[in-house]
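Residue-level structure breakdown
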Amino acid sequence: MMKTALITGAGIGIGRASALAFGAAGYRVIVTDILAEEGASAVKEITDAGGTAEFHHLDVTSTENANQIVASIEKAYGAIDTIVCNAGIAHKVPLEEMTDEKWDFTFDVDLKGMFRVIRPALAQMKNAGSGSIICLSSCMGVMYGWDEHVHYSAAKAGVVGLVRGLANELARDGIKVNGVAPGYIRTAQLLSEKHSLGEEGAQKAGAFIPMGRIGQPDDIADVILFLASDKARYLTGQVISVDGGLGVGRY
Ligand code: NAP
């Protein structure tokens with residue numbers, strides 16, 4: 001039977017690359033995002049290549065939206081097999097400008113937004129006795145502290161705790177929970193001049209990363225696909241750095 005993978009923030013970047021990878025691997029891909037046009041174009045790319053996909057608007061800051069999308073997917077196809085919690089924001093906010101609202105918004109998208117999508121899917125996954133959940137952390141959550149992005153670093157470190165806690169509570173139900181901590185990956189988030197490295201910074205990073213380049217979205221997508229697969233059947237509670245040697249190379 002065709003497996004179902006739900007991916008958040010799947011219109012662009014790492015989420016889109018993951019959607020394409022799952023599509024090519026024969027999954028029914030539930031492409032979700034707040035970006036409707038990009039989501040529809042990801043679906044078209046998957047179906048044009050012979051895969052199966054559909055787009056649903058899903059804003060991970062809305063519990064109602066998350067509950068409703070999960071329920072409708074389950075009604076149509078049964079238990080969701082894989083959830084990729086990918087949607088994330090990385091806003092640059094110096095400490096002197098860090099309000100409660102800015103802090104909470106980043107946590108709402110980057111951390112609670114993951115739990116919101118996972119929670120309604122668990123009952124059916126438990127019934128099925130199987131499932132895999134993959135959450136996107138960051139090198140800035142597992143390894144580095146990112147100045148002017150303290151809320152982001154804290155939320156991405158929180159993803160590690162989320163993965164470990166869920167992995168323990170769900171292991172006996174046959175559900176594995178893992179994370180991926182990307183290094184520097186060429187996406188809109190990284191290329192933002194305002195909030196991240198920008199093009200020039202990306203090129204500089206390519207020079208000091210041991211593998212000699214920043215990553216591409218599909219460098220991450222392939223690891224996510226592996227974690228979802230039965231090849232990773234004895235692997236749970238881990239957050240794997242995928243960074244071209246960034247973490248072990250800067251000393
Ligand atoms: P991206 O290109 O900015 O894509 C993220 C997607 O999530 C976008 O479509 C974005 O829409 C969407 N999104 C934002 N808020 C949302 C919400 N409330 N509900 C649903 N979707 C929402 O980012 P990316 O670089 O592919 O990153 C994907 C994940 O990897 C993120 O969790 C990110 O923090 C993590 N990561 C990325 C890197 C990197 O170097 N790129 C490194 C480490 C970790 P908008 O464009 O409208 O915001």
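Note: the structure precedes this text.
Here's what I pulled together on the structure shown here.

Taken together, 29 residues are adjacent to the ligand, and I14, D33, N86, Y152 and T187 come closest. For the ligand, a nitrogen atom lies 3.0 Å from a polar atom in the backbone of V60. N86 places a polar main-chain atom, nitrogen or oxygen, 2.7 Å from an oxygen atom of the ligand. Here the ligand loses 90% of its free accessible area of 880 Å² to cover by the protein chains. Taken together, the elements giving at least two residues each to the shell around the ligand come down to α1 (13–24), α7 (150–170) and α8 (188–191). Take the shell around the ligand: its biggest share by element is 3 residues, from α8.

In this section: the environment of I224. Within the secondary structure, I224 sits in helix α10 (residues 217–228). On a C-alpha basis, the gap between I224 and S18 in space is 7.2 Å, while along the polypeptide they are 206 residues apart. With near-sequence residues (within four places) excluded, I224 lies in contact with I14, S18, F22, V84, I134, L136 and V180.

Take helix α4 (residues 100–118) next. With 19 residues, α4 extends 25 Å from end C-alpha to end C-alpha; this agrees with the ideal 27 Å at 1.5 Å per step. Of all the positions in α4, only T106, D108, V109, D110, L111, G113, M114, R116, V117 and I118 are classed as buried.

What follows is about the packing of aromatic side chains. Applying the stated rule across the entire model yields 4 aromatic pairs. Lying over the aromatic face of Y77, R28 brings its terminal NZ or CZ to 3.8 Å of the ring centre.

Taken as a whole and judged by the stated rule, the model has 7 salt bridges. K44 serves as the salt-bridge partner of D48, at 2.8 Å between the closest nitrogen and oxygen. Here D48 pairs with K44, and both are found in helix α2 (residues 36–48), just 4 residues apart, close to one helical turn. When sorted by exposure, D48 lands in the same class as K44, which is exposed.

Turning our attention to the pairing of strand β5 (residues 131–136). Buried residues dominate β5, accounting for 6 of its 6 residues. By the alternation rule, side chains of β5 split into G131, I133 and C135 and S132, I134 and L136, which are all buried. Bridge count between strand β4 (residues 82–85) and β5: 4 bridges; the pairing is parallel. Residue pairing in the sheet places I83 in a bridge with I133 of β5. As defined by bridge partners, β5 adjoins strand β6 (residues 175–182) across 6 bridges and the pair is classed as parallel. Bridge pairing links I133 to V177 in β6.

Reading across the sheet, the 7 strands line up as β3-β2-β1-β4-β5-β6-β7 and stay open at both edges, with parallel pairing between neighbours. The open sheet has two edge strands, β3 (52–57) and β7 (239–242), and neither has a second partner. Each strand axis lies, on average, 20 degrees off the axis of its neighbour in the sheet, ignoring direction. Packed on one face of the sheet, helix α3 (residues 63–77) meets β1 (4–7), β2 (28–33) and β3 and runs near 150 degrees to β3. Sitting on the sheet, α7 touches β5, β6 and β7, and the angle it makes with β6 is about 165 degrees.

Conventions and cut-offs
- Residues numbered from 1 in each chain as written.
- Predicted model: local features only at pLDDT ≥ 70, side-chain atom pairs only at ≥ 80, totals over all residues.
- Heavy atoms only, no water.
- Near = heavy atom within 4 Å.
- Polar contact = N/O pair within 3.5 Å; in protein donor to acceptor, adjacent residues only side chain to side chain.
- Areas by Shrake-Rupley, 256 points an atom, 1.4 Å probe, with all protein chains shown as cover.
- Helix = DSSP H or I, 4+ residues; strand = E, 2+ residues; numbered from the N terminus.
- Contact = heavy atoms within 4.5 Å.
- Expected span 1.5 Å × (residues − 1).
- Buried < 20%, exposed > 50% of the residue type's maximum accessible area, 1.4 Å probe, protein only.
- Phe/Tyr/Trp six-rings, centres within 6.5 Å; stacked < 30°, edge-to-face > 60°.
- Lys NZ or Arg CZ within 6 Å of the ring centre and 35° of its normal.
- Salt bridge = Lys/Arg side-chain N within 4 Å of Asp/Glu carboxyl O.
- Pairing = 2+ DSSP bridges.
- Axes fitted to C-alpha atoms, helices over the stretch in contact; angles between N-to-C directions.

Everything listed here is a matter of coordinates, which is why it stays silent on function.
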